[in-house]
Amino acid sequence: MKQFLLEDIKAFTTHLFLQPTFDSFFLREAMFKTAATVTIDGAANADYFDTDEGVPEHVTWGSVRPLSFQVIKGNRLPVSFQIILYPDETTAATLLGADVAKQTAFQKVTRYYLNLCYKNRLLTCTTGVSYAEFTVDKSADEAWDRAVSAFLKQMQIPVSEV
């Protein structure tokens, strides 16, 4: 687990709220503090989906991105926001590299997370990995940290480790 300070907030939030960069990621939850606090539970509502489609566990960021942007846009900056995203298996394998994702240590991973937190005019991205069972092998964590760092660099977002 690493925490990155995103030094160009405007560039990153443009990717997050205005571009499809994170649209394929799933939303675990989001909380925005502006004049009021708005919380979005990313759990998919089964009643909304056709049963033929299958119901995802969580909605994609792309499906709630316009709503989220409406919550924060305006003349004043939000007081804070926190967004927890995770990639689908294909995106995770792409970011990690397909060969890495197939290694034995990675088979115990249930999710790779991005925790985005804006508070006190600072924006951080904290990586996280959850496992199906306890392991002392942290190679999946280290690979995810490197993958996120490379992803941010690809977006030309200057970062520093906190």
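None of these values were measured; they are calculated from a predicted model. (Residues numbered from 1 in each chain as written. Predicted model: local features only at pLDDT ≥ 70, side-chain atom pairs only at ≥ 80, totals over all residues. Heavy atoms only, no water.)

Asker: What's the story with the overall build of the chain in this structure? I'm lost.
Answerer: Scanning the chain for helices and strands turns up five helices and seven strands. Over its C-alpha atoms the chain spans a radius of gyration of 16 Å, differing by no more than 12% from the 15 Å that the globule rule assigns to 162 residues. Seen through its C-alpha atoms, the chain measures out along the principal axes to roughly 50 × 45 × 25 Å. Split into buried and exposed, the 162 residues of the chain put 40% on the buried side. Of the contacts formed within the chain by residues at least 6 apart in sequence, a portion of 71% connects residues at least 24 apart. Only carbon and sulfur atoms are counted for the fraction: they give 51% of the accessible area of the chain, which is about 9,500 Å². (Helix = DSSP H or I, 4+ residues; strand = E, 2+ residues; numbered from the N terminus. Rg over C-alpha atoms; globule rule 2.2 N^0.38 Å. Buried < 20%, exposed > 50% of the residue type's maximum accessible area, 1.4 Å probe, protein only. Contact = heavy atoms within 4.5 Å. Areas by Shrake-Rupley, 256 points an atom, 1.4 Å probe, with all protein chains shown as cover.)

Asker: In this structure, what is going on with the nonpolar core? I would like to understand it.
Answerer: As a rule of thumb, nonpolar side chains are buried together in soluble globular proteins. Core analysis: the biggest nonpolar cluster contains 42 residues, and Phe-12, Leu-16, Phe-22, Phe-32, Trp-61 and Ile-83 have the highest contact counts within it. Apart from the residues lying within four places of it in its own chain, the contact partners of Phe-32 are Phe-17, Thr-37, Val-38, Ile-40, Trp-61, Ser-68, Val-71, Ile-72, Ser-80, Phe-81 and Ile-83. (Core = buried A, V, L, I, M, F, W, Y, C linked by side-chain atoms within 4.5 Å.)

Asker: What is the right way to read the pattern of salt bridges from this model?
Answerer: Opposite charge on two side chains permits them to pair, given that their charged atoms come into close proximity. Counted according to the given criterion, the structure contains four salt bridges. Between Arg-65 and Asp-23 there is a salt bridge, and its shortest N-O distance comes to 2.7 Å. With Arg-65 in helix H2 (residues 61-72) and Asp-23 in the loop between helix H1 (9-17) and strand S2 (26-33), this residue pair connects regions lying 42 residues apart in the sequence. Residue classification places Arg-65 among the buried positions, given a relative accessible area of 14%. Taking relative accessible area as the criterion, Asp-23 reaches 19% and is therefore assigned buried. (Salt bridge = Lys/Arg side-chain N within 4 Å of Asp/Glu carboxyl O.)

Asker: Would you explain the packing of aromatic side chains in this entry?
Answerer: The description of two aromatic rings rests on the distance between their centres and on the angle between their planes. Applying the stated criterion across every chain yields a total of 13 aromatic pairs. Relative to Phe-32, the ring of Phe-17 has its centre 6.4 Å away and its plane inclined at 55°; by these criteria the two rings are tilted. Residue Phe-17 is located in helix H1, and its partner Phe-32 is located in strand S2; the two are separated by 15 residues in the primary sequence. Among the residues examined, Phe-32 registers a relative accessible area of 0% and is labelled buried. (Phe/Tyr/Trp six-rings, centres within 6.5 Å; stacked < 30°, edge-to-face > 60°.)

Asker: So what exactly am I meant to see when it comes to the sheet that holds strand S7 (residues 159-161) here?
Answerer: Within a sheet, neighbouring strands are paired by backbone hydrogen bonds and run either parallel or antiparallel to one another. The sheet built from seven strands is open, its strands ordered S3-S2-S4-S5-S6-S1-S7 with antiparallel pairing. Either end of the sheet is taken by a strand with one partner, and the two such strands are strand S3 (37-41) and S7. Going from strand to strand, the sheet's axes swing by 15° on average, the running direction of each strand aside. Sheet analysis places strand S5 (residues 109-119) next to strand S6 (residues 122-131), joined by 10 bridges and oriented antiparallel. Looking at the pairing, Leu-116 lines up with Cys-125 of S6. Sheet strands touched by H2: S2, S3 and strand S4 (80-86). Its angle to S2, the strand with the most contacts, is close to 5°. (Pairing = 2+ DSSP bridges. Axes fitted to C-alpha atoms, helices over the stretch in contact; angles between N-to-C directions.)

Asker: Would you explain unusual backbone geometry in this entry?
Answerer: Note: most peptide bonds trans; most residues except glycine with negative phi. With phi around 55°, Asn-120 is a residue other than glycine that occupies positive phi space. In this structure, Gln-156 is a non-glycine residue whose phi angle is positive, near 60°. Residue classification places Gln-156 among the exposed positions, given a relative accessible area of 67%.

Asker: Would you mind showing me how to read the environment of Leu-116 here?
Answerer: Inspection of the secondary structure assignment puts Leu-116 in strand S5. If near-sequence neighbours (up to four positions away) are discounted, Leu-116 is found in contact with Phe-12, Leu-16, Phe-81, Gln-82, Ile-83, Leu-85, Thr-124 and Cys-125.

Asker: I tried to follow the pairing of S2 on my own but got confused; where do I start?
Answerer: In the case of a regular strand, side chains alternate between the two sheet surfaces. As judged from the seven bridges shared by S2 and S4, these two strands associate in the antiparallel manner. Paired with Phe-26 across the bridge in S4 is Tyr-86. Here S2 runs beside S3; their pairing, made up of five bridges, is antiparallel. Within S3, the residue paired with Phe-32 across the bridge is Val-38. Remark: three residues form the turn of the hairpin made by S2 and S3, two consecutive strands paired antiparallel.

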